Amino acid sequence: MKMKFLAQNKFSKTAIIGFATIGLVVGLSPTIAQAATDAPAAVQPDKEYFKKLGWDIEANSSPDMACSDTSLKRVISRGLKLGIYQDIPFFNIQAGKETTGVDWDINMAVAKYLGIKNVKSVVLQWPEMVPSLLSKKIDIIGGNIHGNPDRYKNFAFTAPAWWYATVVVAQKGNPKGIKAWADLTKPGIKLGVVAGTQAAAWAKDAKIADVSQFTTGALQFAALAAGRIDAVVEAEPPSVVFITENPKAEVQILKGMKDVPSAVWANYARYGTRFQDCTLNMAYSRALGELIMHGVIGRILEKHGFAASENIFEPEHNPAF
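1. Digging into the layout of surface pockets
The space that makes up the largest pocket amounts to roughly 950 Å³. If you trace the largest pocket, you find 36 residues lining it, with W55, E58, S61, Y268 and R270 closest to the centre. Where the lining of the largest pocket is concerned, the elements lending two or more residues are α6 (149-152) and α10 (278-293). The element contributing the most residues to the lining of the largest pocket is α10, with three residues. Split by residue class, the lining of the largest pocket holds 16 nonpolar, 14 polar and six charged.

Rendered as structure tokens:
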């Protein structure tokens, strides 16, 4: 039986524990901000036209598609620098062993489709991803990432790869009585998030008083299990993995949460490129489209315990529902 990772809410990824702040969303250094000024093309899709067809396109979310740069040729000849990070089931990076994971397999399939023979893994902490992309330490944010208005200003997104929900994980039995997202803003709730994620941005915008930021999901789940925090906002897949692999941790996903804020109601998971690497983005996006339509990504999802029928399309656009 396939594990189902579909929740009734959606997702995407200040004291910081164990790490100096490196913002994925805001707070880029002047050097990095300068690298992000090659903005997307002025020509954007007709929002009103597509809204009538049920697609509300986010402003500035479409990359420049009329391009002739040499970024694709560069990575084919010199190799692709792929940013990855430890977070099961997205990536499982173990010394002396072959890297595995959903996003790893999808990126490898894209590389095979594009004829990229040399993929160089660059292992990072999640908050380092965008700064590393903009400083050219990596060519692709290989960990899936969700779009938001601030991110659209700084780098480009590929076409969609897959979809999953965002959840709230709390102590077993829900002793704080958290029944709605608004409850997380009440005094006395100690919340955990991973630095640089949309969950962290939402917690800041919601003016939650007691927030601990962590560099990895593993650290935040450990803090939750130890009772140092009351709840975490996290992607559903790693939450399910943690609970499955740590049955004595005494934590649970809260079901039926009301009034999910739009800031964490996740759009599609994608990968990130620099604005100026347009031909690489277009090739990556074409590959993802082909891999979805020919069932390759569905088979990768099923390999890792996902139900392909539920984790390729957003629920409101899912023909299976």
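2. Regarding helix α7 (residues 198-205)
Buried within α7 we find Q198, A199, A200, W202 and A203. Elements in contact with the buried residues of α7: α6, β7 (191-194), β8 (211-214) and β9 (231-235). Phi turns positive, to about 55°, at K207, one or two residues after α7.

3. A closer look at the packing of aromatic side chains
Taken as a whole and assessed by the stated rule, the structure comprises 13 aromatic pairs. A ring pair is formed by Y152 and F157, whose centres lie 5.4 Å apart and whose planes are at 70°; its orientation type is edge-to-face. A relative accessible area of 4% means that F157 is categorised as buried. Through successive ring pairs, a cluster of aromatic residues spans F90, W162, Y164 and F306.

4. A short note on empty space enclosed by the protein
The computed volume of the largest cavity comes to approximately 30 Å³. Lining the largest cavity are 10 residues; nearest its centre among them are N60, S61, S62, A156 and F275. Considering only residue class, the lining of the largest cavity consists of seven nonpolar, three polar and no charged.

5. Concerning the packing of helix α4 (residues 102-114) against helix α11 (residues 296-303)
Interhelical geometry of α4 versus α11 gives an angle of 155° and a closest axis separation of 9 Å. Regarding the angle of α4 to α11, the classification is roughly antiparallel. In this structure, α4 meets α11 at a crossing whose hand is right-handed. Facing V102, D105, I106 and A109 of α4, the residues of α11 in contact are V296, I297, I300, L301 and K303. Looking at side-chain class alone, the contact of α4 with α11 contains seven nonpolar, no polar and two charged residues.

6. Observations regarding the nonpolar core
Membership of the largest hydrophobic core comes to 48 residues, with the highest contact counts inside it found for I106, I141, F155, W162, Y271, Y284 and L288. Mapped by element, the contributors of at least two residues to this core are β2 (80-84), α4, α5 (129-134), β4 (140-145), α10 and α11. Those residues within four positions of I141 in sequence are excluded, and the remaining contacts are G83, M129, V130, L133, F155, Y271 and G272. Counting 19 residues, the second-largest nonpolar core is a separate cluster that includes I178, L191, A231 and V233.

7. Focus: the pairing of β2
Burial within β2 is extensive, with four of its five residues counted as buried. Sheet topology note: the β2/strand β3 (residues 119-123) ladder contains five bridges and is parallel. In the sheet register, G83 faces β3, and the bridge partner there is V122. Taken together, β2, α4 and β3 form a β-α-β motif whose crossover is right-handed.

8. Considerations on the confidence of the model for the chain
Per-residue pLDDT for the chain has a mean of 87; in total, 86% of the residues score no lower than 70. For the stretch residues 6-37, pLDDT sits under 50, and the model shows 104 contacts to residues farther than four places along the chain or on other chains.

9. A word on the packing of α4 against α10
In a packed pair of helices, the relevant descriptors are the angle between the two axes and the axis-to-axis distance. Their axes nearest at 9 Å, the elements α4 and α10 cross at an angle of 110°. In terms of orientation, α4 lies roughly perpendicular with respect to α10. Residues I106, N107, A109, V110, Y113 and L114 of α4 form the contact with α10, whose participating residues are A283, Y284, R286, A287, L288, E290 and L291. Class assignment of the residues belonging to the contact of α4 with α10 gives a composition of 10 nonpolar, one polar and two charged.

10. Things to note about the side chain of N174
Considering the arrangement of structural elements, one finds N174 in the loop between β6 (166-171) and β7. Non-local contacts of N174, meaning those with residues more than four positions away in its chain, are made with Q252 and L254.

11. Regarding a negative patch on the surface
Judged by side-chain charge, D46, E48, D56 and E58 come together as a negatively charged surface patch. Relative to the helices and strands, D56 is located in the loop between α2 (47-52) and α3 (71-78).

What counts, and at which threshold
- One numbering rule holds for all chains: residues counted from 1, following each sequence as written.
- Totals for whole chains, interfaces and linings use every residue, but because this is a predicted model, local features are given only for residues with pLDDT of at least 70 and side-chain atom pairs only at 80 or more, for both listing and counting.
- Just so you know, side-chain values use all the structure's heavy atoms and leave hydrogens and water out.
- A cavity, in this analysis, means grid points on a 1 Å lattice covering only the protein atoms where a 1.4 Å probe fits yet has no way out; a pocket is instead an open set bounded by protein on both sides within 12 Å along at least five of seven lines, and a residue lines either one if it has an atom within 4 Å of a point.
- Grid points are joined across faces, edges and corners, and a volume is the space filled by probe spheres set on the points.
- Here a helix means four or more residues in a row that DSSP labels H or I, a strand means two or more in a row labelled E, and each is numbered from the N terminus.
- Residues are grouped as follows: nonpolar covers Ala, Val, Leu, Ile, Met, Phe, Trp, Tyr, Cys and Pro; charged covers Asp, Glu, Lys and Arg; every other residue, Gly included, is treated as polar.
- The classification of residues rests on relative accessible area computed with a 1.4 Å probe and restricted to protein chains. Under 20% of the type maximum is buried, over 50% is exposed, and intermediate values are partly exposed.
- By definition in these notes, contact holds between two residues if any of their heavy atoms fall within 4.5 Å.
- The aromatic pairing rule takes the rings of Phe, Tyr and Trp, using the six-membered ring of Trp, and pairs them if the centres are within 6.5 Å, calling planes under 30 degrees apart stacked, those over 60 edge-to-face and the rest tilted.
- With axes taken as lines fitted to C-alpha atoms, and helix axes fitted only over the stretch in contact, angles between N-to-C directions fall between 0 and 180 degrees.
- Angle categories: roughly parallel below 35 degrees, roughly antiparallel above 145, roughly perpendicular from 65 to 115, and oblique for all the rest.
- By definition, turning the near helix anticlockwise from the far helix through less than a right angle yields a left-handed crossing, and turning it clockwise yields a right-handed one.
- Only buried Ala, Val, Leu, Ile, Met, Phe, Trp, Tyr and Cys residues count toward a nonpolar core, and they belong to the same one when joined by side-chain atoms within 4.5 Å.
- Here a strand pair is declared whenever DSSP counts at least two bridges between the two strands.
- Place the viewer so that the strands point away; then a crossover is right-handed whenever the path from the first strand over the helix to the second strand goes clockwise.
- pLDDT expresses how confident the predictor is about each individual residue, on a scale running from 0 to 100.
- Exposure above 30% relative accessible area and the absence of a salt bridge qualify a residue for a patch, where like charges join within 9 Å and nonpolar side chains (Val, Leu, Ile, Met, Phe, Trp, Tyr) within 5 Å.
- Values of accessible area rely on a 1.4 Å probe in the Shrake-Rupley scheme; residue burial ignores everything except the protein chains shown.
- By definition, a salt bridge exists where a carboxyl oxygen of Asp or Glu is found within 4 Å of a side-chain nitrogen of Lys or Arg.
- The charge count includes Lys and Arg as positive and Asp and Glu as negative, but it does not include His or the ends of the chains.
- A single reference atom marks each charge: NZ on Lys, CZ on Arg, CG on Asp, CD on Glu.

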